[in-house]
Amino acid sequence: MTDEPDDGVSVRLDVWLWRARFFRTRALSAEHVRKSGVRLSHAGLIRRTDKPGATLAAGDIVTFGKGANILTVEVLDLGTRRGPADEARSLYRPLEAGP
């Protein structure tokens, strides 16, 4: 069973956040994106989106709020499934927050 057709180049934002284990379910991931929004940086262009179906590619920067924290991560890999925590951590690299 797959979440979406996988072309290997891009993946839906809500799917990636779920695969990277930032959210427990894909539905929670999609709801968070719709309600709170996410900032995406791709090829130097920054945009804010509230669409769970927005596409991500390796190298993109994702910034979003989670609880009282603001998380900024670089997408290293898109993944193919929601695997164990070690596999999920290999999908991104945390970036330091600015001053």
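Let us look at the structure shown here. Since this is a predicted model, take the numbers as computed values, not measurements.

The next subject is the pairing of strand 2 (residues 38-42). With five bridges joining them, strand 2 and strand 3 (residues 45-49) adopt antiparallel strand pairing. Paired with Arg39 across the two strands is Arg48, which belongs to strand 3. Counting the residues in the hairpin turn of strand 2 and strand 3 gives two residues, including Ala43, whose phi is positive at 55 degrees. Relative to strand 5 (residues 61-66), strand 2 runs antiparallel, the two being bridged by three bridges. Counted as the bridge partner of Arg39 is Thr63 from strand 5.

A separate point is the nonpolar core. Burial of nonpolar side chains together is a common tendency in soluble globular proteins. Ranked by size, the top nonpolar core spans 20 residues in total, and within it Leu13, Trp16, Leu17, Phe22, Leu56 and Val62 carry the most contacts. Secondary-structure elements contributing two or more residues to this core are helix 1 (13-19), strand 2, strand 5 and strand 6 (69-75). The element that contributes the greatest number of residues to this core is helix 1, accounting for four residues. Residues in contact with Leu17, not counting those within four places in the same chain, are Phe22, Phe23, Ser29, Val33 and Phe64.

Quick notes on the rules
- Residues numbered from 1 in each chain as written.
- Predicted model: local features only at pLDDT ≥ 70, side-chain atom pairs only at ≥ 80, totals over all residues.
- Heavy atoms only, no water.
- Pairing = 2+ DSSP bridges.
- Helix = DSSP H or I, 4+ residues; strand = E, 2+ residues; numbered from the N terminus.
- Core = buried A, V, L, I, M, F, W, Y, C linked by side-chain atoms within 4.5 Å.
- Buried < 20%, exposed > 50% of the residue type's maximum accessible area, 1.4 Å probe, protein only.
- Contact = heavy atoms within 4.5 Å.

Honestly, that's just the spatial picture; any functional story needs more than this.
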